[in-house]
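# What the coordinates show
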Amino acid sequence: CVDSGVSTVHTVDELASAIGGYTVPAVAMSNLKSAGVGFTTTESFTPPIAFTWSVLDHDDGGWWSVGVGSRLTVPVGVTKVCVNLRMRTNVDLAVSITKNGSTDPLAKDTSDTNYACLTTGTIPVVAGDYFEIYFESISASPVATSILGTANNSFSIVEMERSA
């Protein structure tokens, strides 16, 4: 993922490239929806926090709302998704993809590096389920943090299956 060159995942083919390969299910991929958010300036915050995204890259199906900018929410009819994150910060952080505010993350990076590349794989969902990126400090006390405003920072969701 680090060397993939994909800044925001728009299609299942781009997702496959970003995560090193994927067997595409036998469905009409052109009808599947996705969304991606990011930001263009450096964002500062103090963890723990669910990060709020400020720029919509694309939204095919109503996944993101600026009013709840930290979330990508599953629309009606979607039954499976894959959620992805690429992010670079100025300090080491624990970064998680969470579902419905759970403290049990679907994917987590605590590798003492200021770069995170996470994916959930294909997971079952229902309409209204939502996903967020949650940051925690690795150090004993929270540290003011900046996320560098580049095209390499993105949070995206791809529909993998929908009900008939």
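These figures come from a predicted structure and were not determined experimentally.

## Quick notes on the packing of aromatic side chains
Overall, the coordinates contain three aromatic pairs when judged by the stated rule. Plain terms: the ring middles of F51 and W53 are 4.9 Å apart, the flat faces sit at 85 degrees to each other, and that makes the pair edge-to-face. Both residues of the pair, F51 and W53, count as buried. Taken together through their ring pairs, the aromatic side chains of F51, W53, F135 and F155 make up a single cluster. The residue whose ring lies beneath R71 is Y130, and the NZ or CZ to ring-centre distance is 3.7 Å.

## Structural notes on the side chain of S34
Of note, S34 is situated in strand 1 (residues 34-38). Within the structure, S34 has its side chain in polar contact with the side chain of H58 (distance 2.9 Å).

## Things to note about the nonpolar core
In terms of nonpolar packing, the biggest core is built from 28 residues, with W53, V81, L85 and F131 touching the most fellow members. With five residues, the top contributor of residues to this core is strand 6 (residues 78-88).

## Digging into the pairing of strand 7 (residues 93-99)
Burial analysis of strand 7 places six of its seven residues in the buried class, the great majority of the element. One ladder, built from seven bridges, connects strand 7 with strand 11 (residues 130-137); its direction is antiparallel. Considered in strand 11, the bridge of V95 is made with F135. Across three bridges, strand 7 lies against strand 8 (residues 107-109) in antiparallel orientation.

## Some details on the pattern of salt bridges
For the coordinates displayed, the defined rule picks out four salt bridges. One salt bridge in this structure joins R71 and E132, with 3.6 Å as the shortest N-O distance. Of this pair, R71 sits in the loop between strand 4 (55-59) and strand 5 (72-73) while E132 sits in strand 11, and the two are 61 residues apart along the sequence. Residue classification places R71 among the partly exposed positions, given a relative accessible area of 28%. In this structure, R162 engages E159 in a salt bridge whose closest nitrogen and oxygen atoms are separated by 2.7 Å. Looking at E159, the relative accessible area reads 0%, which means it is buried.

## A short note on the confidence of the model for the protein
For the protein, per-residue confidence averages 76 on the pLDDT scale, and 70% of positions sit at 70 or higher. Highest mean pLDDT in the protein belongs to strand 5 (96); lowest belongs to helix 1 (residues 12-19) (56). A low-confidence stretch, residues 1-9 stays under pLDDT 50, and its non-local contacts, those more than four residues away or across chains, total 28 contacts.

## Some words on unusual backbone geometry
Working note: non-glycine residues mostly have negative phi, and peptide bonds are mostly trans. A positive phi angle, near 55 degrees, is found at N100, a position not held by glycine. Tracing the sequence through the fold places N100 in the loop between strand 7 and strand 8. With relative accessibility at 34%, the residue N100 sits in the partly exposed group.

What counts and what doesn't
- Residues numbered from 1 in each chain as written.
- Predicted model: local features only at pLDDT ≥ 70, side-chain atom pairs only at ≥ 80, totals over all residues.
- Heavy atoms only, no water.
- Phe/Tyr/Trp six-rings, centres within 6.5 Å; stacked < 30°, edge-to-face > 60°.
- Buried < 20%, exposed > 50% of the residue type's maximum accessible area, 1.4 Å probe, protein only.
- Lys NZ or Arg CZ within 6 Å of the ring centre and 35° of its normal.
- Helix = DSSP H or I, 4+ residues; strand = E, 2+ residues; numbered from the N terminus.
- Polar contact = N/O pair within 3.5 Å; in protein donor to acceptor, adjacent residues only side chain to side chain.
- Core = buried A, V, L, I, M, F, W, Y, C linked by side-chain atoms within 4.5 Å.
- Pairing = 2+ DSSP bridges.
- Salt bridge = Lys/Arg side-chain N within 4 Å of Asp/Glu carboxyl O.
- pLDDT = per-residue confidence, 0-100.
- Contact = heavy atoms within 4.5 Å.

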